[in-house]
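Next come the chains, spelled out residue by residue.
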Amino acid sequence: MTNAEFWFDPACPFAWITSRWILEVEKVRDVDVTWHIMSLAYLNADKDISQEYRDFLQDAWGPVRVLAAAEQEHGKDVLLPLYTALGTARHIDKKPFTREVIAEALAEAGLEPELVDAMDDSSYDDHIKKSHHLGMDQVGNDVGTPTIAMNGSAFFGPVISKAPKGEEAGRLWDGFELITAYPYVYELKRARTHELDFS
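Small disclaimer: the values here were computed from a predicted structure and weren't measured.

Describing the environment of Ser 122
Summarising the element assignment, Ser 122 is placed in the loop between helix H6 (99-108) and helix H7 (125-139). By relative accessible area, which is 47% here, Ser 122 ends up partly exposed. For Ser 122 and Leu 188, which are 66 residues apart along the polypeptide, the C-alpha to C-alpha distance reads 36 Å.

What follows is the structure, given as structure tokens:
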């Protein structure tokens, strides 16, 4: 059994697609995933980023705080179902993270809708930062999410534009696991030529 850890921000479309891939991997490989929150807003707070990206991050604290509140109240097992509900609303249904949308996601995940009040509660930020650093300190601040750790190493990525299914997902995992096991690999990258496919 391979124990993998996955850090995500629900606003990130790349993390969403990679997360759907790793759920497929769990079906065809002996892999067990533990889910963790990170924050793109926190990661980029002091960085020189475009105004467009800064606008994108403006409301990014809210859903991560709700995830943190749910985790503190009910434990880590609630992160995946809540992430799935939030991500489906955001990336599949193209809904913004309003209070109403987040409350609906909480209800869909079987959680109390009043957890939505955590959106505006900065007291959860220390918990978020601790979880964030648990992952990001392994890979460095010049990357983001998705971040996956396993077998004593952690990497940003893989960044994929479409999640493979079934055995194809398993083969991609096999390659990822092989590459990340070599301690001197740091980066593989090429220009993205395909649009994001959330199917």
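Focus on the pattern of salt bridges
Counted under the stated rule, the structure contains 9 salt bridges. Within this structure, Arg 29, Glu 167 and Asp 174 form a network of salt bridges that share partners.

Some details on the nonpolar core
One recurring pattern in soluble globular proteins is that nonpolar side chains are buried together. Counting residues in each nonpolar core, the largest one holds 60 residues, and the members touching the most others are Trp 21, Ile 22, Trp 35, Leu 82 and Trp 173. Apart from residues lying up to four places away in sequence, Trp 173 is in contact with Thr 2, Ala 4, Trp 21, Ile 22, Val 25, Arg 29, Val 31 and Met 150.

Quick notes on the packing of helix H1 (residues 13-28) against helix H8 (residues 166-180)
Viewed as axis vectors pointing N to C, H1 and H8 meet at an angle of 100°, and their least axial separation amounts to 8 Å. Looking at the two axes, H1 sits roughly perpendicular to H8. Contact residues: H1 offers Trp 21, Ile 22, Glu 24, Val 25 and Val 28, while H8 offers Gly 166, Glu 167, Ala 169, Gly 170, Leu 172, Trp 173 and Phe 176.

The rules behind each value
- Residues numbered from 1 in each chain as written.
- Predicted model: local features only at pLDDT ≥ 70, side-chain atom pairs only at ≥ 80, totals over all residues.
- Heavy atoms only, no water.
- Helix = DSSP H or I, 4+ residues; strand = E, 2+ residues; numbered from the N terminus.
- Buried < 20%, exposed > 50% of the residue type's maximum accessible area, 1.4 Å probe, protein only.
- Salt bridge = Lys/Arg side-chain N within 4 Å of Asp/Glu carboxyl O.
- Core = buried A, V, L, I, M, F, W, Y, C linked by side-chain atoms within 4.5 Å.
- Contact = heavy atoms within 4.5 Å.
- Axes fitted to C-alpha atoms, helices over the stretch in contact; angles between N-to-C directions.
- Parallel < 35°, antiparallel > 145°, perpendicular 65-115°, else oblique.

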